[in-house]
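One-letter residues, chain by chain:
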Amino acid sequence: MFRESFLRPTEPACAVAIESKRAIYTFNLTSVNAPDASSTRNGLYSQTYASTASVQDYDVVIVGGGPVGLALACALVSPLRRDSSLRVALIEASDLSAVRKWQPEGDSFSNRVSSITNASREFLQGIGAWDLVDESRTMAIEEMQVWDGVSDARIEFGEATLPSGRGLEMARLTENLNLQRALLRRLDNLSSPTFTILDKTKVSSIVPDTERSTWPVVHLHPSQSSGVAHQAPERREQTSPLPLRARLLVGADGPSSPVRAFSKIETYGWSYDARAIVATMVHDGNLLTSFGTPRNTTTAYQRFLPTGPIAFLPLSTTRASLVWSTTPELAQALLDAGDDVLARMVNAAFRLPDLSMRYLHQFILDRWHAAVPEVVGADGKMSKKGYLGVDEIEGEIRWRERAHSIDASSALSSLPDATTRTSSGMIPSADAEFYPPLVGHIQARSAASFPLRMAHAERYLGQGVRTALIGDAAHTTHPLAGQGLNLGLGDCQSLANAIHTAHSLGQDVGSFTALESYPRQRYLVNHGMLSAVDKLKKLYGTRNGPIVWARSVGLETINELDGLKRMFMGVAGADGDADRVVRRRTPDRDIGRSENREGISTASAEAASGHSSLGNREEVVSRLESTSHGVPTWAGMLASAVEGVAGMVDVGTRILRQRF
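Residues numbered from 1 in each chain as written. Predicted model: local features only at pLDDT ≥ 70, side-chain atom pairs only at ≥ 80, totals over all residues. Heavy atoms only, no water.

K.L.:
Explain the overall build of the protein chain residue by residue, including any values.
P.N.:
The secondary structure content of the protein chain amounts to 20 helices and 25 strands. Here the protein chain holds 660 residues, and 54% of them are scored as buried. Here the protein chain has roughly 28200 Å² of accessible surface; of this, 51% comes from carbon and sulfur atoms. (Helix = DSSP H or I, 4+ residues; strand = E, 2+ residues; numbered from the N terminus. Buried < 20%, exposed > 50% of the residue type's maximum accessible area, 1.4 Å probe, protein only. Areas by Shrake-Rupley, 256 points an atom, 1.4 Å probe, with all protein chains shown as cover.)

K.L.:
I'd like a description of the side chain of His 361, backed by residues and values.
P.N.:
The topology assignment puts His 361 in helix α9 (residues 354–370). With a relative accessible area of 8%, His 361 lands in the buried category. The residues contacting His 361, other than those within four sequence positions of it, are Thr 307, Trp 324, Leu 330 and Met 345. (Contact = heavy atoms within 4.5 Å.)

K.L.:
Lay out the packing of α9 against helix α10 (residues 390–403) in plain terms, naming residues and giving numbers.
P.N.:
Where α9 meets α10, the closest approach of the two axes is 11 Å, and the angle between their N-to-C directions is 155 degrees. Our classification of the angle between α9 and α10 gives roughly antiparallel. Taken as a pair, α9 and α10 cross one another with a handedness that is right-handed. Residue-level inspection shows Leu 355, Ser 356, Tyr 359, Leu 360, Phe 363, Ile 364 and Arg 367 of α9 in contact with α10, the latter providing Glu 392, Ile 393, Glu 396, Ile 397 and Arg 400. (Axes fitted to C-alpha atoms, helices over the stretch in contact; angles between N-to-C directions. Parallel < 35°, antiparallel > 145°, perpendicular 65-115°, else oblique. Left-handed = near helix turned anticlockwise from the far one by under 90°.)

K.L.:
Account for α9, with residues named and values stated.
P.N.:
Helix length check: α9 (17 residues) gives 24 Å between terminal C-alpha atoms against 24 Å at 1.5 Å per residue, within 8%. All buried positions along α9 are accounted for by Asp 354, Ser 356, Met 357, Leu 360, His 361, Phe 363, Ile 364, Leu 365 and Trp 368. On its buried side, α9 packs onto β17 (299–305), β19 (319–326), α7 (328–337), α8 (339–349) and α10. (Expected span 1.5 Å × (residues − 1).)

K.L.:
Can you break down the packing of helix α2 (residues 67–77) against helix α5 (residues 176–190) residue by residue, with the values?
P.N.:
Viewed as axis vectors pointing N to C, α2 and α5 meet at an angle of 25 degrees, and their least axial separation amounts to 9 Å. Taken together, the axis directions place α2 and α5 in an arrangement best described as roughly parallel. With respect to the hand of their crossing, α2 and α5 are arranged in left-handed fashion. Counted together, Pro 67, Leu 70, Ala 71, Ala 73, Cys 74 and Val 77 of α2 and Asn 176, Leu 179, Gln 180, Leu 183, Leu 184, Arg 186, Leu 187 and Leu 190 of α5 form the full contact between these two elements. By residue class, the composition of the contact of α2 with α5 is 11 nonpolar, two polar and one charged. (Nonpolar A, V, L, I, M, F, W, Y, C, P; charged D, E, K, R; others polar.)

K.L.:
Give a detailed account of the sheet that holds strand β9 (residues 171–175), specifying residues and quantitative values.
P.N.:
Across the sheet, which stays open at both edges, the three strands sit in the order β5-β9-β6 with antiparallel pairing between neighbours. The sheet is open, and its two edges are formed by β5 (113–117) and β6 (138–141), each paired on a single side. Strand after strand, the sheet turns through a mean of 25 degrees between neighbouring axes, direction not considered. Pairing analysis gives four bridges linking β6 to β9, with the strands arranged antiparallel. Bridge pairing in β9 places Ile 141 opposite Ala 171. In the packing of helix α4 (residues 118–126) onto the sheet, the strands contacted are β5 and β9, and the crossing angle to β5 comes to about 90 degrees. (Pairing = 2+ DSSP bridges.)

K.L.:
Outline α7, listing residues and values.
P.N.:
With seven of 10 residues buried, α7 is to be regarded as a mostly interior element. For α7, every residue scored as buried is listed here: Leu 330, Ala 331, Ala 333, Leu 334, Leu 335, Asp 336 and Ala 337. Elements in contact with the buried residues of α7: β16 (267–283), β19, α8, α9, β21 (381–383) and β23 (448–457). Gly 338 occupies a position one or two residues after α7 and carries a positive phi of about 110 degrees.

K.L.:
I'd like a description of the confidence of the model for the protein chain, backed by residues and values.
P.N.:
For the protein chain, the average pLDDT comes to 77, and 69% of its residues sit at 70 or higher. The low-confidence segment residues 231–238, where pLDDT is below 50, has 24 contacts with residues more than four positions distant or belonging to other chains. Contacts for the low-pLDDT stretch residues 578–634, under 50 throughout, to residues beyond four places or in other chains number 108 contacts. (pLDDT = per-residue confidence, 0-100.)

K.L.:
Lay out empty space enclosed by the protein in plain terms, naming residues and giving numbers.
P.N.:
Under the criterion given, the structure shown has two cavities of 30 Å³ or more. Considered as a void within the structure, the largest cavity measures approximately 100 Å³ in volume. Taken together, 14 residues form the lining of the largest cavity, with His 283, Asn 296, Thr 297, Phe 312 and Pro 437 sitting closest to its centre. Mapped onto the lining of the largest cavity, the elements with two or more residues apiece are β17 and β18 (308–314). (1 Å grid on protein atoms, 1.4 Å probe; cavity = no way out; pocket = protein on both sides within 12 Å on 5 of 7 lines; lining within 4 Å. Points joined across faces, edges and corners; volume = space filled by probe spheres on them.)

K.L.:
Lay out the pairing of strand β15 (residues 244–251) with the relevant residues and their values.
P.N.:
Taken across its eight residues, β15 has eight buried, putting it largely inside the fold. Bridge count for strand β3 (residues 56–63) against β15 is seven bridges, and the pairing is parallel. Directly across from Ile 62, in β15, lies its bridge partner Val 250. Inspection of the sheet shows β15 paired to strand β24 (residues 467–469) by three bridges, in the parallel sense. In the strand pairing of β24, Gly 251 is matched with Leu 469.

K.L.:
Give a description of the packing of aromatic side chains that names residues and reports values.
P.N.:
This model, assessed by the stated rule, comprises eight aromatic pairs. Where Phe 312 meets Phe 350, the ring centres are 6.5 Å apart and the plane angle is 85 degrees; that geometry is what we call edge-to-face. Placement of Phe 312 in strand β18 and of Phe 350 in the loop between α8 and α9 is noted, with a sequence separation of 38 residues between them. Of the two residues, Phe 312 and Phe 350, both sit in the buried class. Judged by centre distance (4.9 Å) and plane angle (45 degrees), the rings of Tyr 460 and Tyr 523 are tilted. With a gap of 63 residues between them, Tyr 460 in the loop between β23 and β24 and Tyr 523 in helix α14 (residues 517–539) connect regions that are remote in the sequence. A single burial state applies to Tyr 460 and to Tyr 523, both of which are buried. Residue placement shows Lys 384 over the ring face of Trp 368; its charged tip is 4.7 Å from the ring centre. (Phe/Tyr/Trp six-rings, centres within 6.5 Å; stacked < 30°, edge-to-face > 60°. Lys NZ or Arg CZ within 6 Å of the ring centre and 35° of its normal.)

K.L.:
Any chance you could break down the state of the cysteines for me, citing the residues and the numbers?
P.N.:
Any covalent bond linking the sulfur atoms of two cysteines counts as a disulfide. Taken as a whole and judged by the stated rule, the model has zero disulfides. Its sulfur unpaired, Cys 492 is 9.6 Å from the next cysteine sulfur, which belongs to Cys 74. (Disulfide = S-S within 2.5 Å.)

K.L.:
Give me the lowdown on the pattern of salt bridges, citing residues and values where you can.
P.N.:
Enumeration according to the criterion identifies 15 salt bridges in this entry. Across the salt bridge formed by Arg 245 and Asp 57, the nearest N and O atoms sit 2.6 Å from each other. Of this pair, Arg 245 sits in strand β15 while Asp 57 is found in strand β3, placing the two residues 188 residues apart along the sequence. Accessibility assignment for this pair places Arg 245 and Asp 57 in one class, buried. (Salt bridge = Lys/Arg side-chain N within 4 Å of Asp/Glu carboxyl O.)

This is the structure we're talking about:
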């Protein structure tokens, strides 16, 4: 937990308060007397305070310059708002000029991509950022194929399952850098005199203000004082950044959030025993269907293996993004084996039965453990790279295919000669479209992995410290549903609306009363998503016979109900909602949404503030669920439905065991 103590100041805090008055405040500041000797021990304060003799005042300070932090900044300074006079600052540790200058080669793609739902895209359009995204580097998702890696039960999403009137797209894939660059360009184009970016600048500490103890003061890292402060309409060098004092401090600073630590907000969750392998895959885009027509290249594929799901996400007609969740040991073994071996294993993971995949995984691990590490590079780092040849893994795959009677012309064949055959113009088998195109190779230096975990903050607003959390600072989830960034953009929309509404009503934008609508709107939505994704991962992470049967029956039953699938896609964001686009609201409208300012629902107020008469967070969430929407994703609903069937099977099994 973040904790600091400072020496007692040499002059009274009241003198500092007089010296640091700023015209931005619309109320009179009250001086705070310095504590007497009885309130200190050995010359130290029990509470940290910051001298505000030389600070820069802002209405909102955002820590974190990723897509979520930049989106919130765009929403707050948008000229579409008549009340866009808020003074906003954004702090980012990295050099954002590298993002501004990002110019990738046409055929190469970053390995960090996100699926932007139609609802999120409308929000980005509403703040003027989406028009600056390079759409030639985005790809529509028009169809989805999702299936069980053990039973091969399948669910399909296509045109018939899309909400009516929304076009043919379920979502759009884009590189995170593409979106981040567009948001920066939007902020640069706005040239708002009330907005400042401090990049190449780290937060060294966050402490309460001396004159208003709930106001956070952000101290910047001295070693990064040479960072450039970008401030419209002109940019200036800031050799020694002054501390920033904020009415509201927003943490968009990732899972290890300093803002969350300062706010003393606990998180709950756990690390999965898994890592996600990400890479950019290259495949042949000139493929045919069984009817001889060009094959659709806008289909996403996902197979749920017991060790973790693997996803094929199209980026262009010949490129796709890989997200493969598996055990940490196997992830490292696959990366060490090299790109060619990884490509062969990706093809096999989408096609071979679970029994053969288990054999191949064990074969790779045995070879990896037996390999002798070698020194790589000048730093003396030990590595097992290249321990397995591509000919060896192809031989093992070929042997497993013969064992399963998989013909070389079958869509289940994962060997490279199938790529040559289909690209030469031969008509593939009828079930070829159920599986992704065969991967030819992995883009150089694109393969990597990162750990997976689920975490959720106990609350989104600090208690008495004027802070708010958004994005990964508030919640992190497994990537199997592709909703992480979309949840963060939803946070931005809700928080920006709360801030603008408070500002238009003349309220203090950092007060709890002004921001109470934000956690009330977002906490249960995010909680539902995190819970559903976690359940889905656990549901498909077992080979237990009754559970496999139950989830397969549930999946295939839902696949026959287009109306139900259409509803799933609508709540998952495929049906964009114009009301989600950031816009100016009238005070009456906003008050109407919150029912009444002083008498909001007890459960909502308790959850937002972190105080509860119910005894624990689970009971608060349970009460809130009675007045909230359901899980906001097709994956969540599917998980709940199938898990319910599995639960009934489990109960029946226990009864039979007791009787017999």
